[in-house]
Structure formats: C-alpha cells, structure tokens
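Next come the chains, spelled out residue by residue.
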Amino acid sequence: GDSVTQTEGLVTLTKGLPVMLNCTYQTTYSPFLFWYVQHLNEAPKLLLKSSTDNKRTEHQGFYATLHKSSSSFHLQKSSVQLSDSALYFCALSDTSNTNKVVFGTGTRLQVLP
Amino acid sequence: EAAVTQSPRSKVAVTGGKVTLSCHQTNNHDYMYWYRQDTGHGLRLIHYSYVADSTEKGDIPDGYKASRPSQENFSLILELASLSQTAVYFCASASGQGYAETLYFGSGTRLTVL
C-alpha cells in the first residue's frame, strides 16, 4: 500500500533562517501530494498540494516541488517566522480509486527568536 | 469555507464502555474519514467512506466501527473502549473525482479512556 516517510521528528531553527522538511512517498499509482500544517490545539489545514511533476507550488511563503523520479515532495521556506512553529504533515492520495489519504508521522518545526 | 463539526469536543470513558463520536459536514462532500492522532504516529486512518451506507477499513480499523447513515453524517463507534484508544480523533471530508482532494478537518475530539 501507499506510504509516506518524514525523517525529521523535530526541527529547531532561529527565525530568519531557511528550512526544508523532507517527504518521500511510495505508491504504485499516480500520486497526489499534500502538506498540511497543524498549529497547537488546532485542526490540520491544507498548506499546499501538487500532482504535477517538476512544478513548484507555493503558498504563504512555503513552496514544494513534486519529483516523481525521486518520489519526493520536500517543503521549503526561505526565511522562517515565529508563527511558522507548528506540526507539518506530508500526505499522499492516488488514482487507485481507494480514496485513501495516507499521512506521514509529521515534523514539528520550532522557530526560536 | 468548508464546515466539519465534531461532537463531543472531549470525552472521558471507562474501559469496556461504548463510545460514539459524531461528525457532520455541510460541504456536500462525498468522502469522509476518521483519523486518530498520537504523538509519534501522526495521523492514522481508521475508517473512511465515499458514499452513504457504505464504509471502508483504513489502516488501523481494529476495535472501531463506522457508520455513514447519510452523506452529511459519519460516526465512529468504540464498542468496548480500551486504554490504548486514548487519543485525539479527527473527522475530515473531501470532494474528489476518483481520488481524494483537499481534506477539511473538524476540530477534533479528545478521548480519554480510564
């Protein structure tokens, strides 16, 4: 079945620095990749999504590019802010008609002053 | 904006008791999902549904049942609650065309089993 791997459990950075959160996936079908963000005591919300190979997708200063050749969809930002502190999930859906959405284990981003 | 409402917001249950978590969506979405969130495990899919009166098993269905009596409502049922089912539960809905589009989550239910 489908799976998503996020290798970092916690990333701690000083504000103003760049960040990259890793996401790789496995599926035998055509993939749809998502990044969700969950702030403390809130529900997860969509940050950005893509199904187009090698096309950069951007939202709220974050960006990611789906690379089907390496099965990756890393999330990046050039300059993190204190308000970016949150839990970030990578998620995968596909065209297999199972309609499942599978999440990675999440990466907590902690931004320090 | 899409609206998904969960009830209750929090619940304390006793081991062996029955628990029902409810979810209602006004988005006219076909797909609904139940996830549980635990530290270190992220969001894990319990059950989901893409049409009324039909449910599908997710990745961790053991100990849970689901019911979708209408397009708008999706319930998660714990017939015999256990300590290991203490978690935060999220309901979500999505539209789609053979694949799941953006998930819209409810605010979650914090379940504590004693």
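Please read all numbers here as calculations on a predicted model, not as lab measurements.

Would you mind going over the interface of chain B and chain A in detail, with residue names and values included?
With 23 residues of chain B at the interface, the matching set in chain A holds 24 residues. Where chain B packs against chain A, one counts two salt bridges. At the boundary of chain B and chain A, one finds six residue pairs in polar contact (both at pLDDT 80 or more). Of all the elements in the fold, those that place two or more residues in the side of chain B that touches chain A are β4 (31–38) and β5 (42–51) of chain B. Among the elements that take part in the side of chain B that touches chain A, β5 of chain B stands out by supplying five residues, more than any other. Looking at the side of chain B that touches chain A residue by residue, the classes come out as 12 nonpolar, eight polar and three charged.

Run through the side chain of Asn27 of chain B, naming residues and quoting values.
Residues and elements named next belong to chain B. As for its position among the elements, Asn27 is in the loop between β3 (19–25) and β4. Under the relative-accessibility criterion, Asn27 is labelled buried at 16%. A polar contact of 2.9 Å, which involves the side chain of Asn27, links it to the side chain of Ser93.

Requested: an account of the pattern of salt bridges, with residues and values cited.
Scanning all chains against the criterion turns up seven salt bridges over all chains. Lys100 of chain A is the salt-bridge partner of Asp59 of chain B, the closest N and O atoms lying 2.7 Å from each other. Here Asp59 of chain B is found in the loop between β6 (54–57) and β7 (65–67), whereas its partner Lys100 of chain A is found in the loop between β10 (86–94) and β11 (102–103) on a different chain. Residue Asp59 of chain B is classed as partly exposed on the basis of its relative accessible area, which comes to 44%.

Would you mind going over the layout of surface pockets in detail, with residue names and values included?
The space that makes up the largest pocket amounts to roughly 610 Å³. Gln38, Leu87 and Arg108 of chain A together with Gln37 and Thr39 of chain B are, among the 24 residues lining the largest pocket, the residues nearest its centre. The residue makeup of the lining of the largest pocket, split by class, is five nonpolar, 14 polar and five charged.

A description of the pairing of strand β7 (residues 56–59) of chain A should follow, citing residues and the corresponding values.
Residues and elements named next belong to chain A. In this structure, β7 lies alongside strand β8 (residues 62–65), joined through four bridges in antiparallel fashion. Following the sheet pairing, Glu58 is matched in β8 by Tyr63. Taken together, β7 and the strand that follows it, β8, pair antiparallel across an intervening segment of two residues, in which Gln60 is found at a positive phi of about 55°.

So what about the nonpolar core? Which residues, and what values?
Judged by nonpolar contacts, the single largest core of 24 residues is most densely connected at Leu33, Trp35, Leu47, Leu48, Leu75, Tyr88 and Leu109 of chain A. Residue assignment for this core shows that the elements contributing at least two residues are β2 (10–14), β3 (19–21), β5 (31–38), β6 (45–50), β8, β10 and β12 (107–112) of chain A. At four residues, β10 of chain A tops the list of elements feeding residues into this core. Grouped together as the second largest cluster of nonpolar side chains are 21 residues, Tyr36 of chain A together with Tyr31, Tyr48 and Phe105 of chain B included.

Hey, could you go over the packing of aromatic side chains for me, with residue numbers and the actual values?
All names here are of chain B. Overall, the coordinates contain 13 aromatic pairs over all chains when judged by the stated rule. Centroid distance Tyr33 to Tyr35: 6.2 Å. Interplanar angle 25°. Geometry classified as stacked. A relative accessible area of 0% means that Tyr35 is categorised as buried. When the ring of Tyr33 is compared with that of Tyr48, the centres are 5.9 Å apart and the planes differ by 15°; the resulting orientation is stacked. With Tyr33 in strand β4 and Tyr48 in strand β5, this pair connects stretches of sequence that are 15 residues apart.

Reading guide: rules and limits
- Residues numbered from 1 in each chain as written.
- Chains lettered and ligands numbered in written order.
- Predicted model: local features only at pLDDT ≥ 70, side-chain atom pairs only at ≥ 80, totals over all residues.
- Heavy atoms only, no water.
- Contact = heavy atoms within 4.5 Å.
- Salt bridge = Lys/Arg side-chain N within 4 Å of Asp/Glu carboxyl O.
- Polar contact = N/O pair within 3.5 Å; in protein donor to acceptor, adjacent residues only side chain to side chain.
- Helix = DSSP H or I, 4+ residues; strand = E, 2+ residues; numbered from the N terminus.
- Nonpolar A, V, L, I, M, F, W, Y, C, P; charged D, E, K, R; others polar.
- Buried < 20%, exposed > 50% of the residue type's maximum accessible area, 1.4 Å probe, protein only.
- 1 Å grid on protein atoms, 1.4 Å probe; cavity = no way out; pocket = protein on both sides within 12 Å on 5 of 7 lines; lining within 4 Å.
- Points joined across faces, edges and corners; volume = space filled by probe spheres on them.
- Pairing = 2+ DSSP bridges.
- Core = buried A, V, L, I, M, F, W, Y, C linked by side-chain atoms within 4.5 Å.
- Phe/Tyr/Trp six-rings, centres within 6.5 Å; stacked < 30°, edge-to-face > 60°.

Note that every value here comes from positions in space, so none of it alone points to a role or purpose.
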